[in-house]
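Topology and contacts: notes
Next come the chains, spelled out residue by residue.
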Amino acid sequence: MNATTQAKNKDEAVAPILVYENVRKQYGAFVALNGVSLRVNVREVLCLIGPSGSGKSTLLRCTNALEAIDGGTISFEGRPLPKRDSETRKIRQRMGMVFQNFELFPHMSALDNVAMAPITVLGMRESEARERARALLSKVNLADKVDNFPSNLSGGQQQRVAIARALAMEPEVMLFDEPTSALDPETIGEVLNVMKALAEEGMTMIVVTHEMTFARRVADRVVVFERGAIIEEGSPKQIFENPKAGRTRDFLSHLGWNG
Ligand SMILES: Nc1ncnc2c1ncn2[C@@H]1O[C@H](COP(=O)(O)OP(=O)(O)OP(=O)(O)O)[C@@H](O)[C@H]1O
Ligand SMILES: [Mg+2]
């Protein structure tokens, strides 16, 4: 390896994968994101917490260009997000998104849900896509459910299919929007375990969650939102044990969090 390559690799290792600079998003006169600046490093797990309506989902939707921003910049791998539809679609393929309500295709088996995008979007051979889908479903502990349709899966199982489906596109970053908040309590743990394993493998993740125990244990950094702005960010230890902002303390105690 020559010196230039070494320097480049070193740069890549430290360069943030996502950089938000003074990001602003409005819906009419309503300001949903009001000057958000944030950096996300490769392999980092960021948990976004904060009250309802504070802009957490909006930030995720702007991140994968489902919504255009009205000010500031969001850069992904060193380049500002594109504006043209054809280009935003390509960006979206490189970010896996997992929603609260799974949004699986109801008329397809778990296996086909996972195999479909690699076939239709990436042009992968069907046999290869199915083989990979099987492996991904095993990875999320659903090897025995590959032929089930969503209606014959529990919420926790459907959400794990949704995670496998996102992983099938080999994303650079995974965005989770309250992935467990629509689940029965007994299935939440199995989804969080899959996410924890993914984090341990080094996946870059941004997770909007109300699961404070998960954030405390798995996040590298916790970011607290309120009214479209970041009021505080820090290590889980600092945020949960010694929050600087009074409003962070209020939010956590409102959730019943007492360290
Ligand atoms: N399409 C839209 N049109 C108008 N207002 C919107 C739209 N989407 C979001 N908002 C508003 O923007 C604000 C931020 O919404 P967002 O969904 O990002 O909040 P959130 O932090 O994810 O909340 P929750 O914890 O309830 O999911 C809210 O006040 C919401 O009503
Ligand atoms: Mg939300």
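Above this text sits the structure in question.
In short, a report on the structure. All values reported here derive from a predicted model rather than from experimental measurement.

Remarks on the nonpolar core
Leu137, Ile163, Met174, Phe176, Met195 and Met205 are the most contacted members of the largest nonpolar core, which totals 51 residues. At seven residues, the largest contribution of residues to this core is made by helix 7 (residues 185–200). In this structure Phe176 touches Leu60, Val98, Ile163, Met195, Leu198, Met205, Ile206, Val207 and Val208, once residues within four positions along its chain are discounted. One finds Leu38, Leu48, Ala65 and Met97 within the second-largest nonpolar core, a separate group that totals 26 residues.

Things to note about the sheet that holds strand 4 (residues 71–76)
Spatially, four strands are ordered 2-1-4-5 in an open sheet, and the strand pairing comes out antiparallel. What marks the edges here is a single partner per strand, and that holds for strand 2 (30–41) and strand 5 (79–80). Bridge count for strand 1 (residues 16–27) against strand 2 is nine bridges, and the pairing is antiparallel. If you follow Val23 over to strand 2, its bridge partner there is Val36. Its contacts with the sheet put helix 2 (residues 56–63) on strand 1, strand 2 and strand 4, and the angle it makes with strand 1 is roughly 120°.

Brief notes about the pairing of strand 7 (residues 173–177)
Counting buried positions along strand 7 gives five out of five residues, so the element sits mostly inside the fold. Alternating positions in strand 7 separate into two faces, Val173, Leu175 and Asp177 on one and Met174 and Phe176 on the other, with burial throughout. Relative to strand 7, strand 6 (residues 95–98) runs parallel, the two sharing four bridges. Each residue of the ladder has a partner; that of Val98, found in strand 7, is Phe176. As judged from the five bridges shared by strand 7 and strand 8 (residues 204–208), these two strands associate in the parallel manner. Bridge pairing in strand 8 links Phe176 to Val207. Crossover connection from strand 7 via helix 7 to parallel strand 8: handedness right-handed.

Calculation criteria
Residues numbered from 1 in each chain as written. Chains lettered and ligands numbered in written order. Predicted model: local features only at pLDDT ≥ 70, side-chain atom pairs only at ≥ 80, totals over all residues. Heavy atoms only, no water. Core = buried A, V, L, I, M, F, W, Y, C linked by side-chain atoms within 4.5 Å. Buried < 20%, exposed > 50% of the residue type's maximum accessible area, 1.4 Å probe, protein only. Helix = DSSP H or I, 4+ residues; strand = E, 2+ residues; numbered from the N terminus. Contact = heavy atoms within 4.5 Å. Pairing = 2+ DSSP bridges. Axes fitted to C-alpha atoms, helices over the stretch in contact; angles between N-to-C directions. Right-handed = clockwise from strand over helix to strand, strands pointing away.

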